[in-house]
Amino acid sequence: MSSIEYKISPSDFEMIRSVLDDAGYDVSVLVEDQSLFNTAALLVTKLFLSGVDSRSALAAKLECQLGRAGKHRAGSGNLNSGDKWNFCLTLA
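Report follows, based on the coordinates. (Residues numbered from 1 in each chain as written. Predicted model: local features only at pLDDT ≥ 70, side-chain atom pairs only at ≥ 80, totals over all residues. Heavy atoms only, no water.)

## Digging into the packing of helix 3 (residues 34-49) against helix 4 (residues 55-66)
Link 1 in the chain: It is at 10 Å that the axes of helix 3 and helix 4 come closest, and there the two elements cross at 135°. Our classification of the angle between helix 3 and helix 4 gives oblique. Helix 3 and helix 4 meet at a crossing whose hand is right-handed. Two secondary-structure elements touch here, helix 3 through Thr39, Ala40, Leu43, Val44, Leu47 and Phe48 and helix 4 through Leu58, Lys61, Leu62, Gln65 and Leu66.
Link 2 in the chain: Among the residues making up the contact of helix 3 with helix 4, the classes are represented as eight nonpolar, two polar and one charged. (Axes fitted to C-alpha atoms, helices over the stretch in contact; angles between N-to-C directions. Helix = DSSP H or I, 4+ residues; strand = E, 2+ residues; numbered from the N terminus. Parallel < 35°, antiparallel > 145°, perpendicular 65-115°, else oblique. Left-handed = near helix turned anticlockwise from the far one by under 90°. Contact = heavy atoms within 4.5 Å. Nonpolar A, V, L, I, M, F, W, Y, C, P; charged D, E, K, R; others polar.)

Take a look at the structure:
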């Protein structure tokens with residue numbers, strides 16, 4: 001089985017990190033809930049590698065999929081869970 005190697009430039013890595021930070025997935029989340037941080041980091045990285053290279057699109061997809069981290073974590077807000085799911089699908 002062959003493996004595929006992806007290279008992320010330092011500027012792209014910084015963009016991914018800033019998307020995570022802005023959504024609240026920072027060092028404090030890494031310390032408190034490593035699994036949640038890893039899930040968010042993996043999601044944003046996979047989206048980036050699949051061709052989503054806009055900072056705003058990455059941020060929107062992260063918020064739809066996982067919400068914001070920390071005390072401001074988005075539940076359903078003004079949307080019920082079905083509406084939120086449909087909204088996320090329209091961003092895909």
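That covers the picture; the talk isn't over yet.
## Points about the nonpolar core
Link 1 in the chain: Leu20, Tyr25, Val44, Leu58 and Leu62 are the most contacted members of the largest nonpolar core, which totals 19 residues.
Link 2 in the chain: Within the residue set of this core, elements represented by two or more residues are helix 1 (10-22), helix 3 and helix 4.
Link 3 in the chain: In terms of residues, this core owes the most to one element, helix 3, which gives seven residues. (Core = buried A, V, L, I, M, F, W, Y, C linked by side-chain atoms within 4.5 Å. Buried < 20%, exposed > 50% of the residue type's maximum accessible area, 1.4 Å probe, protein only.)

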